[in-house]
Amino acid sequence: MSKALLYDATMCIGCKQCEQACATENKLPYNDGIAAEAKQSDHKYTAVLAKNDKFMRRLCMNCQDPACASACPVAALRKTPAGPVIYDEGRCIGCRYCMLACPFSVPKYEWGKILPKVRKCTMCADRVAAGKQTACAEICPTGATKFGERDDLIQEAQRRIRDNPGQFVKHIYGLNEVGGTSVLLLSSVPFEQFGYSADMLTEPMPLLTSRVLSKVPDVVTLGGVISTAQPSRRTVHIF
Ligand code: SF4
Ligand code: SF4
Ligand code: SF4
C-alpha cells in the first residue's frame, strides 16, 4: 500500500490555501504576487489554476514509476514505497535529464542561483514518513485535496463518479497515465483545459526514457559532466 492524493476539482473553491501551506512546508516565499502566478516554478511547487468558475491543481504527480528517477544518472530522484518521489540535492549534478524526461514538465531548475538545484513537490515526504498527511491536504477547507491510501482513494473516486452521473468527466486522471501516479484527479471538465495531456501513454515512462533521450542526441555528449546555467539552453556536456 502506498499513499496518494485525490484532488476533486468539483469540491475546490480556489482559495489557494494549499499553495500557501505548500510554501510554508517547503520554506518558500509566498505573497500576493506569487499567489497570482498561475504556474509551477522553482519557488512554487503547486499552482491552483482557474478558468471561468472551474479550478484545477498542478503539482508533481509523484508517478508510480517515475521517468525523472529513471533518467537521473546519480539516483538523486527516487520513488519511495510510501508514495513520494524524493530528491537528494547532495547527489544532484545539475544535468537536468529529469527535466527532459518528465512527461508533465514538473522539475524546475533554480536558474537564478549560483548553485542551482532541481525543485519540485515531493509530496511532503517527511510528513508522510512521520504518519502525517501532506500540508496541502491538511489545510484544504473543503476536502477537495484528500490524502490517503492510493487504493482507497481510487475506490472513492470511482464511487464519486458512479454516484454523481453527469457531474464528472468519467475518468480518474492518474489512475493509468504513465503507469499510474500518486496524484489522482477528478474534474467536471476535460483535463486538457488545464494542460493535462489527454493522450498520455499508460505505459510507465521509464520504459520510454531511452527513446526520449535518444531523440535529443544533440543535448548530450558523453564523458564527465559540466552543465551550463543558461535558461535558454539545456546543453549538457559529458566529457
Ligand atoms: S511528474 Fe515528473 S517529476 Fe513528478 S514523479 Fe513523475 S516524472 Fe518525476
Ligand atoms: S538534474 Fe540530473 S542529477 Fe539532478 S535530479 Fe535531475 S537528473 Fe538527477
Ligand atoms: S486548499 Fe483545497 S479548496 Fe482551496 S484551492 Fe486548494 S484544493 Fe482548492
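Below: a short report on this structure. Everything numeric here is computed off the predicted structure, so don't read it as measured data. Starting from 1, residues in each chain are numbered consecutively following that chain's sequence as written. To read the labels, note that chains go from A and ligands from 1, taken in the order they are written. The predicted nature of this model means local features are confined to residues of pLDDT at least 70 and side-chain atom pairs, given and counted, to a pLDDT of 80 or more, with totals for whole chains, interfaces and linings taken over all residues. Excluded from the side-chain calculation are hydrogens and water; included are all heavy atoms of the structure.

### Here's the deal with the pairing of strand S1 (residues 3–8)
Next, step 1: With a 1.4 Å probe rolled over the protein chains alone, any residue whose accessible area is under 20% of its type maximum counts as buried; one over 50% counts as exposed, and the rest are partly exposed. The way it works is that DSSP assigns letters per residue, a run of H or I at least four long becomes a helix, a run of E at least two long becomes a strand, and they are numbered from the N terminus. The buried fraction of S1 amounts to 5 of the 6 residues, a majority that puts the element mostly inside the structure.
Next, step 2: Pairing between strands is defined by DSSP: at least two bridges between the two strands are required. In this sheet, strand S8 (residues 145–149) lies alongside S1 in antiparallel orientation, the contact comprising 5 bridges. Of the residues in S8, the one forming a bridge with Leu5 is Phe147.

### Side note on the site of ligand 1
Next, step 1: For this description, a residue counts as near a given molecule or strand if any of its non-hydrogen atoms is within 4 Å of it. The immediate surroundings of ligand 1 are formed by 14 residues, with Cys60, Cys63, Cys68, Cys102 and Phe104 found nearest.
Next, step 2: Amino acid classes used here: Ala, Val, Leu, Ile, Met, Phe, Trp, Tyr, Cys and Pro are nonpolar; Asp, Glu, Lys and Arg are charged; the rest, including Gly, are polar. When its residues are assigned to classes, the shell around ligand 1 shows 12 nonpolar, 1 polar and 1 charged.

### Topic: the site of ligand 2
Next, step 1: Around ligand 2, a shell composed of 14 residues is seen, among which Cys72, Cys92, Cys95, Arg96 and Cys98 lie nearest.
Next, step 2: A breakdown of the residues in the shell around ligand 2 according to their chemical character gives 12 nonpolar, 1 polar and 1 charged.

### Some words on the pattern of salt bridges
If charged atoms from side chains of opposite charge come close, those side chains can pair.
Next, step 1: A carboxyl oxygen of Asp or Glu within 4 Å of a side-chain nitrogen of Lys or Arg is what we treat as a salt bridge. In the structure shown here, the tally under the stated rule is 12 salt bridges.
Next, step 2: A salt bridge links Arg160 to Asp8, with the nearest nitrogen and oxygen atoms 2.9 Å apart. Of this pair, Arg160 sits in helix H7 (residues 150–163) while Asp8 sits in strand S1, placing them 152 residues apart in sequence.
Next, step 3: Arg160 gets classed as buried once you look at its relative accessible area, which sits at 13%.
Next, step 4: A salt bridge links Glu156 to Arg160; the shortest N-O distance between them is 2.5 Å. A residue pair is termed a helical-turn pair when its members lie 3 or 4 positions apart in one helix, as Glu156 and Arg160 do in helix H7 at 4 residues. Grouping residues by exposure puts Glu156 and Arg160 together as buried.
Next, step 5: Through salt bridges with shared partners, a single network forms among Asp8, Lys146, Glu156 and Arg160.

### Notes on the nonpolar core
Among soluble globular proteins, nonpolar side chains are generally buried collectively.
Next, step 1: By convention a nonpolar core is built from buried Ala, Val, Leu, Ile, Met, Phe, Trp, Tyr and Cys residues, the set being connected through side-chain atoms within 4.5 Å. Membership of the largest hydrophobic core comes to 44 residues, with the highest contact counts inside it found for Phe104 and Leu185.
Next, step 2: At the level of secondary structure, the elements contributing two or more residues to this core comprise S1, helix H1 (17–25), strand S2 (47–51), strand S3 (54–58), helix H3 (67–71), helix H4 (97–101), helix H6 (135–139) and strand S9 (183–186).
Next, step 3: Throughout, a residue-residue contact means that at least one pair of heavy atoms, one from each residue, lies within 4.5 Å. If we ignore the near neighbours within four places in the chain, the residues touching Leu185 are Tyr7, Met56, Met61, His171, Ile172, Tyr173, Phe191 and Tyr196.
Next, step 4: Counting residues in hydrophobic clusters, the runner-up holds 12 residues, among them Cys68, Cys72, Ala76 and Cys92.

### Some words on the packing of aromatic side chains
Next, step 1: Two aromatic rings, drawn from Phe, Tyr or Trp (for Trp, its six-membered ring), form a pair once their centres lie within 6.5 Å of each other, and the interplanar angle then sorts them: stacked below 30 degrees, edge-to-face above 60, tilted otherwise. Counted under the stated rule, the structure contains 3 aromatic pairs.
Next, step 2: Ring geometry for Tyr109 versus Trp111: centroids 4.9 Å apart, planes at 75 degrees, classification edge-to-face.
Next, step 3: Take Tyr109: its relative accessible area is 5%, and that puts it in the buried class.
Next, step 4: Lying across the ring of Phe194, Lys51 places its NZ or CZ 5.6 Å from the centre.
Next, step 5: The lysine or arginine in question, Arg96, covers the ring of Tyr109, its NZ or CZ lying 4.9 Å from the ring centre. Remark: a charge is flagged as sitting over a ring if the NZ atom of Lys or the CZ atom of Arg is within 6 Å of the ring centre and within 35 degrees of the ring normal.

### A look at the sheet that holds S9
Next, step 1: Taken in spatial order, the 3 strands of this open sheet run S8-S1-S9, and their pairing is mixed. On the outer flanks of this sheet lie S8 and S9, each paired with one strand and no other. Neighbour-to-neighbour, the strand axes of the sheet open up by a mean angle of 25 degrees, direction not taken into account.
Next, step 2: Across the face of the sheet, H7 comes into contact with S1, S8 and S9 while running at roughly 130 degrees to S8. Note on definitions: angles span 0 to 180 degrees between N-to-C directions of axes, and those axes are lines fitted to C-alpha atoms, for helices only across the stretch in contact.

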